[in-house]
Amino acid sequence: MRIYYLDESGSTGDLIKGSRALDFQQEPVFSLACVGVDDMADLEDEIKRLKSRHKVQSVELKSMAVKGKPLLVAELAAYLARRRLPVFIEVVDKRFLFCATMVNHLILPPVGQSDTEPQSMWIKNVFAEYLHANLPDSIMQTYADACGDCSIKSTRRAFETLLLWLSGGQPDTEVAEALYRFTAESQEDFEALAGSETDAWRAGLPIPDQSKRGKPFWMLPNLSSFTNIYA
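This one's a predicted model, so the numbers in the text were calculated from it and none came from an experiment.

Procedures and definitions
- Residues numbered from 1 in each chain as written.
- Predicted model: local features only at pLDDT ≥ 70, side-chain atom pairs only at ≥ 80, totals over all residues.
- Heavy atoms only, no water.
- Helix = DSSP H or I, 4+ residues; strand = E, 2+ residues; numbered from the N terminus.
- Rg over C-alpha atoms; globule rule 2.2 N^0.38 Å.
- Buried < 20%, exposed > 50% of the residue type's maximum accessible area, 1.4 Å probe, protein only.
- Contact = heavy atoms within 4.5 Å.
- Areas by Shrake-Rupley, 256 points an atom, 1.4 Å probe, with all protein chains shown as cover.
- Lys, Arg positive; Asp, Glu negative; His and termini not counted.
- Charge placed at Lys NZ, Arg CZ, Asp CG, Glu CD.
- Salt bridge = Lys/Arg side-chain N within 4 Å of Asp/Glu carboxyl O.
- Core = buried A, V, L, I, M, F, W, Y, C linked by side-chain atoms within 4.5 Å.
- Pairing = 2+ DSSP bridges.
- Axes fitted to C-alpha atoms, helices over the stretch in contact; angles between N-to-C directions.
- Patch = residues over 30% accessible without salt bridge, like charges linked within 9 Å, V, L, I, M, F, W, Y side chains within 5 Å.
- Parallel < 35°, antiparallel > 145°, perpendicular 65-115°, else oblique.
- Nonpolar A, V, L, I, M, F, W, Y, C, P; charged D, E, K, R; others polar.

With respect to the overall build of the chain
Of the regular secondary structure elements, the chain holds nine helices and five strands. Shown N-terminal to C-terminal, the secondary structure of the chain runs as helices and strands in the order β-β-α-α-α-β-α-α-α-α-α-β-β-α. Computed over C-alpha atoms, the radius of gyration of the chain comes to 22 Å, more than 25% over the 17 Å expected from 2.2 N^0.38 for 231 residues, which places it beyond the range of a compact globule. Every one of the 231 residues in the chain was classed for burial, and the buried ones make up 38%. Across the chain, the fraction of contacts at a sequence separation of at least 24, relative to all contacts at a separation of at least 6, is 71%. Carbon and sulfur atoms make up 54% of the accessible area of the chain, which amounts to about 13900 Å² in all. The centroid of the 25 positive side-chain charges in the chain is displaced by 11 Å from the centroid of its 32 negative side-chain charges.

The structure is reproduced here in structure tokens:
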């Protein structure tokens, strides 16, 4: 029987918040690691041995404590392999996650079972990679503002600024044209709702998670990372 331990690195909270430079507080990557342990006492003894051998003074085996000690890390990895302990690591590029969220909600919002078909997933990935490589920070910020403002006006502006940029002669014309076409269709659906529903601003935005105090979290890489590891 194993007990699974998880720890994260690079967590800066909701990706729509923080610096308007969208540098994610200078931590562009989030990672979540998990290890399954079947003999805690043996693992503790191994860590104590490695700390003593490599002269690590800190109580916890933090990353900063082993910085510059690659042999310690290599020996610990060898121990995990030797004991055949399961290790799961999820690494997320925060900018890519932001762009993928735009694709999944603003550009190609959910419509049904076809959303998860291989062809659909491939197209969404191509779109997200294109935006990751080319999308200006100013347009990403417009989408972040739409999430934070929760208004029809802000969501409309997110559609309009993206369409304006896509129509400006972007590289790889075929992908840009496809992005424009799908975004324009989604905007039409949004405008149809905006004329009759007060919460039409939700169209194009992700479904937020709630904090303990009831405040929304719009983009949290740790949640998708945890569900992927759990799966």
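A look at unusual backbone geometry
A positive phi angle, close to 50°, is found at Phe24, a residue other than glycine. Its location among the elements puts Phe24 in the loop between strand S1 (3-9) and strand S2 (29-37). A positive phi angle, close to 60°, is found at Gln26, a residue other than glycine. Within the secondary structure, Gln26 is located in the loop between S1 and S2. For Gln26, a relative accessible area of 68% translates into the label exposed.

Re the pattern of salt bridges
This model, assessed by the stated rule, comprises eight salt bridges. The residue Arg53 makes a salt bridge to Glu75 at a minimum N-O spacing of 3.3 Å. Here Glu75 lies in helix H3 (residues 70-82) and Arg53 lies in helix H1 (residues 40-53), a separation of 22 residues in the sequence. The buried category is assigned to Glu75, whose relative accessible area is 19%. In the salt-bridge network here, residues are joined through shared partners; they are Glu46, Arg49, Arg53 and Glu75.

Quick notes on the nonpolar core
Ranked by internal contacts, the top residues of the largest apolar core, which has 45 residues, are Phe98, Ile107, Leu131, Tyr143 and Leu162. The element that contributes the greatest number of residues to this core is helix H4 (residues 94-107), accounting for eight residues. Ignoring any residue separated from it by four or fewer positions in sequence, one finds Leu131 in contact with Arg95, Cys99, Val103, Ile107, Trp165 and Leu179.

A few points about the sheet that holds S2
Sheet strands associate in pairs through backbone hydrogen bonding, adopting either a parallel or an antiparallel arrangement. Strand order in this open sheet of three strands is S1-S2-S3, and the pairing throughout is antiparallel. Unpaired on one side and paired on the other, S1 and strand S3 (87-93) mark the two borders of the sheet. Averaged over all adjacent pairs, the angle separating strand axes in this sheet is 10°, with direction ignored. In the packing of H4 onto the sheet, contacts are made with S2 and S3, and the angle to S3 comes to roughly 70°.

Let's talk about a nonpolar patch on the surface
Taken together, Val29, Val87, Ile89 and Val91 make up a surface patch of nonpolar side chains, about 360 Å² in accessible area. Here the nonpolar patch gets three residues from one element, more than from any other, and that element is S3. Position of Val29 relative to the elements: it lies in strand S2. Classification of Val29 by relative accessible area gives partly exposed; the value is 41%.

Quick word on the packing of helix H5 (residues 118-134) against helix H8 (residues 173-194)
Between two packed helices, the angle of one axis relative to the other and the distance separating the axes together describe the packing. Taken N-terminus to C-terminus, the directions of H5 and H8 make an angle of 110°; their axes are 11 Å apart at the nearest point. Here H8 runs roughly perpendicular to H5, going by the angle between their axes. Each of Val126, Phe127, Tyr130 and Leu131 in H5 lies in contact with H8, whose residues at this interface are Val175, Ala176, Ala178, Leu179 and Phe182. When its residues are assigned to classes, the contact of H5 with H8 shows nine nonpolar, no polar and no charged.

Details of the pairing of S2
One ladder, built from seven bridges, connects S1 with S2; its direction is antiparallel. When the sheet's bridge partners are listed, Tyr5 is paired in S2 with Val35. Taken together, the seven bridges between S2 and S3 define a ladder with antiparallel strand orientation. Bridge assignment links Ala33 to a residue of S3, and that residue is Ile89.

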